[in-house]
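As a plain string of letters, each chain reads:
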Amino acid sequence: MTGDFQPKSDFLRVLIERGFIHQCSDFAGVDEKALAGGLTAYIGFDCTATSLHVGSMLPIMMLRWLQKTGGKPIALMGGGTTRVGDPSGKDEARKLLSVEQIEANKDGIRQVFDKFLTFGDGPSDAIMIDNADWLTKLNYIDFLRDVGRHFSVNRMMSMDSVKMRLERDQELSFIEFNYMCLQAYDFVEINRRYGCTLQMGGSDQWGNIVTGIDLGRRMGAPQLYALTAPLLTTSSGAKMGKTASGAVWLNADMLSPYGYWQFWRNCEDGDVGRFLKLFTELPLDEVNRLGGLDGAELNEAKKILANEATALLHGRAAAESAAETARKTFEEGVLADDLPSVALPASEAIGMGVLSAFVRAGLVASTGEARRQIKGGGLRLNDAPVTDEKAALTAADFKDGVAKLSLGKKKHVLLRIE
RNA sequence: GGGGGAAUGUCCCGAGCGGCAAAGGGGGCGGACUGUAAAUCCGCUGGCUAAGCCUUCGUAGGUUCGAGUCCUACUUCCCCCA
């Protein structure tokens, strides 16, 4: 943790105050670099899915603060390392992804960064790089001679990610064992190419990052530094990022701004203050005031959290629209126009059985599930509980061509006649 | 190379004398209570044209009226010996 360290640089001060820091290899060293100006830092992002999810917001915000405090952020796409697969925190070997899949994922992930960082050629402009650029060109024998000889297997065996696998008698394949070597090499290579001296990441990356620092020292690079963020869990201990409909994706085509807004709005009471610090840029005294609210008043703070977090990712307009949709839906009980919707031709919609209607709306996965939800009182059509599973939609159910289907109290989908 | 063990509901863990849509738990979803929170309690958690039908226990065959359960081969994983 941060101990009694008193930072002089804006960069470290902000990160410490807002709770971004779990471990740092050398606070004074990083502070000095940041103070001198021109601190360049990078964070690597795996390309294992077509979109990042909320879990990645923490590192992204760190890059953003770095830029705001005068540093130069580098977003590293793991186009090369994803082909190998990071065993950290995994108790089972990850399936290898195809190269095409990785490239497609990379394209999806890229989109997000424009919203948080300013890219360009200036001294504190962000850049995006891909480690496939150098990793895929490595020659095995050269790599072993130039880089591999600096790695101590003895040390690697003592790292948590490796030790865990060994202790549990779970296989750790050679390719995975190499992951940390590649990530370590990345750090040295990025330092050589861009003068980057700091690598940041989640706390599970500590071992990999420190291995890079070590390699840098042995290969004659300047002093490198590590800075990690805490692993985010909700106050009841659950891993963050999962919700009703799966992961909380950052790309709008995978989770609507409204859905993203709802995610923050529904967070647990105990998380509000912490999340405001991490995921919004509200001044700290404001955050402290909001986080200190009691009971039902805290709901106002949750709305602000949702507004601010959504505005950062999807823009102010989308955030306001989501807030308005939520207000109409939950506070007025009025039908809000831009709830998620599904369009159907009239011929199909009128006379459609309720069961299939809910399946079409995507609220349930099968008619069987729809039947069960009806038994449990979980389905509503235009806010009236559905009781008869044989009922069919009639023209009267579509006011102005729109019928509102709900699952539970929170999930609503509009069925539109096109 | 030799010997021994394992694979179960496509979220996970995990029971299962030849009659099984298959115990139990976690997770998830829904209901009640609330504040769109947490905690608690209750229900649900293979598919369908649904009192019926269909598909499921690593893969492929076999024995049997009947196989998750027995036999054979194969695949993958683990353990012990070399």
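Everything here concerns the structure above.
Residues numbered from 1 in each chain as written. Chains lettered and ligands numbered in written order. Predicted model: local features only at pLDDT ≥ 70, side-chain atom pairs only at ≥ 80, totals over all residues. Heavy atoms only, no water.

(A) Focus on the protein's contact with RNA strand B. Within the structure, RNA strand B sits among 29 residues, and Asn266, Asp269, Arg371, Arg372 and Gln373 are positioned closest to it. Counting only atoms of RNA strand B within 4 Å of the protein, the sugar-phosphate share comes to 63%. Between RNA strand B and asparagine 299, the relevant distance is 3.2 Å, taken from a base nitrogen to a side-chain nitrogen or oxygen of the residue. One of the side-chain nitrogen or oxygen atoms of lysine 302 is found 3.1 Å away from a base nitrogen of RNA strand B. Of all the secondary structure elements, the ones that give two or more residues to the surface near RNA strand B are helix H12 (257–265), helix H15 (298–314), helix H16 (316–332) and helix H19 (367–375). No other element matches the five residues that H19 contributes to the surface near RNA strand B. Among the residues forming the surface near RNA strand B, the class breakdown is six nonpolar, 12 polar and 11 charged. (Near = heavy atom within 4 Å. Polar contact = N/O pair within 3.5 Å; in protein donor to acceptor, adjacent residues only side chain to side chain. Helix = DSSP H or I, 4+ residues; strand = E, 2+ residues; numbered from the N terminus. Nonpolar A, V, L, I, M, F, W, Y, C, P; charged D, E, K, R; others polar.)

(B) Quick look at the packing of helix H13 (residues 272–279) against H15. In contact at an axis separation of 10 Å, H13 and H15 are set at 20° when each is read in the N-to-C sense. Here H15 runs roughly parallel to H13, going by the angle between their axes. Here H13 runs over H15; the crossing is left-handed. Here Val272, Phe275, Leu276 and Phe279 of H13 lie close against H15, whose contacting residues are Leu298, Ala301, Lys302, Leu305, Ala309 and Leu312. Per-class residue counts for the contact of H13 with H15 are nine nonpolar, no polar and one charged. (Axes fitted to C-alpha atoms, helices over the stretch in contact; angles between N-to-C directions. Parallel < 35°, antiparallel > 145°, perpendicular 65-115°, else oblique. Left-handed = near helix turned anticlockwise from the far one by under 90°. Contact = heavy atoms within 4.5 Å.)

(C) Looking closely at the packing of aromatic side chains. One pass over the structure, following the stated rule, counts nine aromatic pairs. Where tryptophan 264 meets phenylalanine 275, the ring centres are 5.6 Å apart and the plane angle is 90°; that geometry is what we call edge-to-face. Of the two residues, tryptophan 264 sits in helix H12 while phenylalanine 275 sits in helix H13, which places them 11 residues apart along the sequence. With respect to class, tryptophan 264 is no different from phenylalanine 275; both count as buried. Here tryptophan 264 and phenylalanine 279 contribute two aromatic rings whose centre-to-centre distance is 4.8 Å and whose plane-to-plane angle is 45°, an arrangement assigned as tilted. With tryptophan 264 in helix H12 and phenylalanine 279 in helix H13, this pair connects stretches of sequence that are 15 residues apart. With respect to class, tryptophan 264 is no different from phenylalanine 279; both count as buried. An aromatic cluster is present here, built from Tyr260, Phe263, Trp264, Phe275 and Phe279 joined pairwise through their rings. The ring of tryptophan 65 has lysine 68 sitting right over it, with the charged end atom 5.5 Å from the ring centre. (Phe/Tyr/Trp six-rings, centres within 6.5 Å; stacked < 30°, edge-to-face > 60°. Buried < 20%, exposed > 50% of the residue type's maximum accessible area, 1.4 Å probe, protein only. Lys NZ or Arg CZ within 6 Å of the ring centre and 35° of its normal.)

(D) Structural view of helix H4 (residues 99–116). End to end, H4 covers 27 Å across 18 residues, agreeing with the expected 26 Å (1.5 Å per residue, within 8%). For H4, the set of buried residues is Ile102, Asn105, Lys106, Gly108, Ile109, Val112, Phe113 and Phe116. As for H4, its buried residues are in contact with strand S2 (40–45), helix H3 (57–68), strand S3 (72–77), strand S4 (127–130) and H15. (Expected span 1.5 Å × (residues − 1).)

(E) Structural detail: the sheet that holds strand S9 (residues 341–344). Across the sheet, which stays open at both edges, the five strands sit in the order S9-S13-S12-S10-S11 with mixed pairing between neighbours. Of all the strands in the sheet, the pair left with one neighbour each is S9 and strand S11 (384–385). Of the pairings in the sheet, the one linking strand S10 (residues 379–381) to S11 comprises two bridges and is antiparallel in character. The residue bridging arginine 380 from the neighbouring strand is proline 385, located in S11. (Pairing = 2+ DSSP bridges.)

(F) Summary view of the sheet that holds S4. Within the open sheet, the six strands sit side by side as S1-S6-S5-S2-S3-S4. Their pairing is mixed. The open sheet has two free edges, formed respectively by strand S1 (23–24) and S4, since each of these has just one partner strand. Summarising the sheet, S3 and S4 pair through four bridges and their orientation is parallel. Of the residues in S4, the one forming a bridge with alanine 75 is methionine 128. Strand contacts of helix H10 (residues 179–194): S2, S3, S4, strand S5 (198–202) and strand S6 (225–229), with the helix running at about 145° to S2, the strand carrying the most contacts.

(G) Expanded view of the pairing of strand S12 (residues 402–407). Among the six residues that make up S12, six are buried, leaving the element largely enclosed by the rest of the structure. Neither face of S12 is exposed, since Val402, Lys404 and Ser406 on one face and Ala403, Leu405 and Leu407 on the opposite face are all buried. Across six bridges, the pairing between S12 and strand S13 (residues 411–417) is antiparallel. Each bridged residue has a counterpart across the sheet, and for leucine 405 the counterpart in S13 is valine 413. In sequence, S12 turns back onto S13 through a hairpin of three residues, with glycine 408 there showing a positive phi of about 65°.

(H) Expanded view of the pattern of salt bridges. According to the stated counting rule, one finds 23 salt bridges in the structure shown. Residues arginine 218 and aspartate 214 are paired through a salt bridge, measuring 3.6 Å at the closest nitrogen-oxygen approach. Linking arginine 218 with aspartate 214, this pair stays in helix H11 (residues 206–218), spanning four residues, or about one helical turn. Notably, a salt bridge pairs arginine 289 with glutamate 286, separated by 3.4 Å at the nearest N-O pair. On the criterion of helical spacing, the pair formed by arginine 289 and glutamate 286 is a turn pair, its members being three residues apart in helix H14 (residues 284–291). Overall, the relative accessible area of 27% leaves glutamate 286 in the partly exposed class. Salt bridges sharing partners connect three or more residues here, namely Arg155, Asp214, Arg217 and Arg218. (Salt bridge = Lys/Arg side-chain N within 4 Å of Asp/Glu carboxyl O.)

The analysis is restricted to geometry; functional conclusions fall outside its scope.
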